[in-house]
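# Results of the structural survey
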Amino acid sequence: MLTDLLTGLSENGLEKLKAAEPAERERLARVMVSAMELGRALLRESPELRRAFGEAHAEFLHHPECRALLAEARRAYEQFGPGGSKEAGRG
């Protein structure tokens, strides 16, 4: 099932989705939200998945081409994360 989903989203298929009618794009958004909810549930349930997810994201720390993205993420965390200036309407 997952293989079918991933291979079905070919470059051509993605281009068609970009040009799709709003109703079709909304349907895709609902499916993606469901997939994200499933992913979050699996992260809560599986130590192995949490470890692999963390390792994949930590890989960004090892590559210089990611520095600008990491700096932007840090600024956003400082602004919007716990204690940030935008938390609870501050800032």
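This part takes up the overall build of the protein chain. The number of helices and strands found in the protein chain is 5 helices and 0 strands. For the protein chain, the N- to C-terminal ordering of α and β elements is α-α-α-α-α. The C-alpha atoms of the protein chain give 18 Å as radius of gyration, which overshoots the globular expectation for 91 residues (12 Å, by more than 25%). Here the C-alpha coordinates of the protein chain stretch approximately 40 × 35 × 30 Å along the principal axes. Taking all 91 residues of the protein chain together, the buried fraction comes to 8%.

Axes are the key here: two packed helices are described by the angle between their axes and the distance separating the axes. Relative orientation of the contacting elements helix α3 (residues 22-45) and helix α4 (residues 47-58) amounts to 110°, with a least axis distance of 5 Å. Judged by the inter-axis angle, α3 sits roughly perpendicular to α4. Where α3 approaches α4, its residues L42, L43, R44 and E45 are matched on the opposing element by P47, L49, R50 and F53. Across the contact of α3 with α4, the residue classes tally to 5 nonpolar, no polar and 3 charged.

The next subject is the pattern of salt bridges. All told, the structure shown has 4 salt bridges when counted by the stated rule. Residue E15 pairs with K18 through a salt bridge whose shortest N-O separation is 2.9 Å. Note that E15 and K18 are positioned in helix α2 (residues 11-18) at a spacing of 3 residues, about one turn of the helix. Note on E15: relative accessible area 41%, which makes it partly exposed. Its salt-bridge partner being R74, residue E78 comes within 3.1 Å of it at the nearest N-O pair. Residue E78 and its partner R74 are located together in helix α5 (residues 67-80), separated by 4 residues, close to a single helical turn.

Scoring rules and cut-offs
Residues numbered from 1 in each chain as written. Predicted model: local features only at pLDDT ≥ 70, side-chain atom pairs only at ≥ 80, totals over all residues. Heavy atoms only, no water. Helix = DSSP H or I, 4+ residues; strand = E, 2+ residues; numbered from the N terminus. Rg over C-alpha atoms; globule rule 2.2 N^0.38 Å. Buried < 20%, exposed > 50% of the residue type's maximum accessible area, 1.4 Å probe, protein only. Axes fitted to C-alpha atoms, helices over the stretch in contact; angles between N-to-C directions. Parallel < 35°, antiparallel > 145°, perpendicular 65-115°, else oblique. Contact = heavy atoms within 4.5 Å. Nonpolar A, V, L, I, M, F, W, Y, C, P; charged D, E, K, R; others polar. Salt bridge = Lys/Arg side-chain N within 4 Å of Asp/Glu carboxyl O.

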